[in-house]
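Survey of secondary and tertiary structure
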Amino acid sequence: APLAAGPAAAQQFPGRTITMIVPFAAGGPTDTVARLVAEAMGRELGQTVVVENAGGAGGTIGAQRVANARPDGYTLLLHHIGMATAPTLYRRLAYDPVNGFETVGLVTEVPMTLVARKDFPANTLQEAVAVIRREKDKLNYANAGIGAASHLCGLLLMKSVDTAMTTVPFRGTAPAMQELLSGRVDLLCDQTTNTTEQIKAGEVKVFTVTTPERLAALPDVPTSTEGGLPDFQVSVWHGLYAPKGTPAAVTQRLSQALQVALRDPRLVSRFAELGTTPVAQERATPEAHRQFWMADIAKWKPIIQAAGQYAD
Ligand code: MLT
């Protein structure tokens, strides 16, 4: 589509391959979303969008790489709710976690599930809560590092049941899920984009979805309200970012391509199989994304401060 304004370079954008950084391990939930978006955006933009995984430190390593990249639209970041929590959780970062980015648009909001190794001695959320309260820090709860969705969900769970487990961090929940499948960790709260297939195959136990309603993709899994923990609710929003200073004409073009990508039939049906949906078109814009992100930073700040658990 032609652009109304902007310097010549922006009007020719994109003239080469775009790199989309995923700040977690390959094969995990963020990666799954990013690869579907990258493929569909690439078709719309007429250029390849390559996904690169830069995992570690709850997503802050990948975010740092994009904040410090050239602001030309050729290096992007697909990140989630961790963008709203890192500014408060991390007291030392080598990049500006708020002002280091231009927003392109929101992508999706993904429900979470509480899952356990196959032989975990509980079959319902209530039974799982009893086991957690009994075994406490003898249980290993896997997550993707401080600020990861699995970390936030774990905090919420441990607060809801008023019991701390031992936390085991990974570079993403793809490796965390591998450890759960082989029984070396006990529990994981992870996005449906990374758990639906293992749940359906019976490779893990599932106790609850973290949404107010049951999910069409997992109709047999009760909600946390049904399971007696109504406060145990989380959804993991994802957004697309460019480095601060990327020309507005470029972020607009990217946003437009994102909006087209989110209506791609292959993406929509794969999202649905994995328990999620793309955001409405008006939310896949730089303005709506920025507004939502800023509100979420403000929302999480007092929660994190009350928990008093920071990364150093
Ligand atoms: C991932 O892609 O590994 C996740 O989004 C990790 C998480 O935030 O729990």
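Note that this is a predicted model, so its numbers are computed, not measured.

1. Some thoughts on the environment of Ala-261
Structurally, Ala-261 can be placed in helix 9 (residues 248-261). In this view, Ala-261 contacts Val-37, Ala-40, Met-41, Glu-44 and Leu-267; residues no more than four positions away in its chain are not counted.

2. Focus on the pairing of strand 7 (residues 187-191)
Within a regular beta strand, the side chains point alternately toward one face of the sheet and then the other, so they alternate between its two faces. Of all 5 residues that make up strand 7, 5 are buried, and the element is covered over most of its length. Summarising the sheet, strand 4 (residues 101-117) and strand 7 pair through 5 bridges and their orientation is antiparallel. Bridge pairing in strand 7 links Ala-116 to Leu-187. The pairing of strand 5 (residues 140-143) with strand 7 spans 2 bridges and is classified as parallel. Its bridge partner lying in strand 7, Tyr-141 is registered against Leu-187.

3. Some thoughts on the site of the ligand
What surrounds the ligand is a group of 14 residues, the closest being Phe-24, Gly-28, Thr-30, Ser-150 and Gly-172. Listing elements by their share of the shell around the ligand, those giving two or more residues are helix 2 (29-45), helix 6 (149-161) and helix 7 (173-181). Residues of the shell around the ligand, tallied by class, amount to 7 nonpolar, 6 polar and 1 charged.

4. Section: helix 8 (residues 192-200)
Taken together, the buried positions of helix 8 are Thr-192, Thr-193, Asn-194, Thr-195, Thr-196 and Ile-199. The inward-facing, buried residues of helix 8 abut helix 2, strand 4, helix 7, strand 7 and strand 8 (204-209). Of the residues one or two after helix 8, Gly-202 is the one with positive phi, at around 70 degrees.

5. Considering unusual backbone geometry
Looking along the chain, the bond that leaves Phe-13 and enters Pro-14 is cis, with omega of -5 degrees. In this structure, Lys-136 takes a positive phi of about 45 degrees despite not being glycine. Tracing the sequence through the fold places Lys-136 in the loop between helix 5 (125-135) and strand 5.

6. A word on the nonpolar core
Judged by nonpolar contacts, the single largest core of 89 residues is most densely connected at Met-20, Val-37, Met-41, Leu-76, Leu-78, Leu-188 and Leu-258. If sequence neighbours within four positions are ignored, Met-20 has contacts with Ala-34, Ala-38, Val-49, Val-50, Val-51, Leu-76 and Leu-78.

7. What about the confidence of the model for the protein chain?
Overall, the prediction assigns the protein chain a mean pLDDT of 95, with 96% of residues at 70 or greater. Counted against residues more than four places away or in other chains, residues 1-5, with its pLDDT under 50, gives 6 contacts. The ipTM for the predicted assembly is 0.98, set against a pTM of 0.94.

8. Some thoughts on the packing of helix 4 (residues 82-89) against helix 11 (residues 286-307)
Axis separation between helix 4 and helix 11 bottoms out at 8 Å; the angle between their running directions is 45 degrees. As far as their axial angle goes, helix 11 and helix 4 are oblique. Judged by the twist between their axes, the crossing of helix 4 over helix 11 is right-handed. Judged by residue contacts, Met-83, Ala-84, Thr-85, Pro-87, Thr-88 and Leu-89 of helix 4 engage Trp-293, Asp-296, Ile-297, Trp-300, Lys-301, Ile-304 and Gln-305 from helix 11.

9. Brief notes about the environment of Ala-34
Topologically, Ala-34 is positioned in helix 2. Classification of Ala-34 by C-beta neighbours within 10 Å gives buried; the count is 28. Separated by 105 residues in sequence, Ala-34 and Leu-139 have C-alpha atoms that sit 32 Å apart.

10. Considering the pairing of strand 5
Bridging between strand 5 and strand 6 (residues 166-169) involves 4 bridges; their strand directions are parallel. By the bridge assignment for strand 6, Ala-142 is matched with Val-168. Once you follow strand 5 into helix 6 and on to strand 6, the crossover reads as right-handed.

Criteria and cut-off values
Residues numbered from 1 in each chain as written. Predicted model: local features only at pLDDT ≥ 70, side-chain atom pairs only at ≥ 80, totals over all residues. Helix = DSSP H or I, 4+ residues; strand = E, 2+ residues; numbered from the N terminus. Contact = placed C-beta atoms within 7 Å. Buried ≥ 20, exposed ≤ 12 C-beta atoms within 10 Å, placed from the backbone. Pairing = 2+ DSSP bridges. Near = placed C-beta within 6 Å. Nonpolar A, V, L, I, M, F, W, Y, C, P; charged D, E, K, R; others polar. Core = buried A, V, L, I, M, F, W, Y, C linked by C-beta atoms within 7 Å. pLDDT = per-residue confidence, 0-100. Axes fitted to C-alpha atoms, helices over the stretch in contact; angles between N-to-C directions. Parallel < 35°, antiparallel > 145°, perpendicular 65-115°, else oblique. Left-handed = near helix turned anticlockwise from the far one by under 90°. Right-handed = clockwise from strand over helix to strand, strands pointing away.

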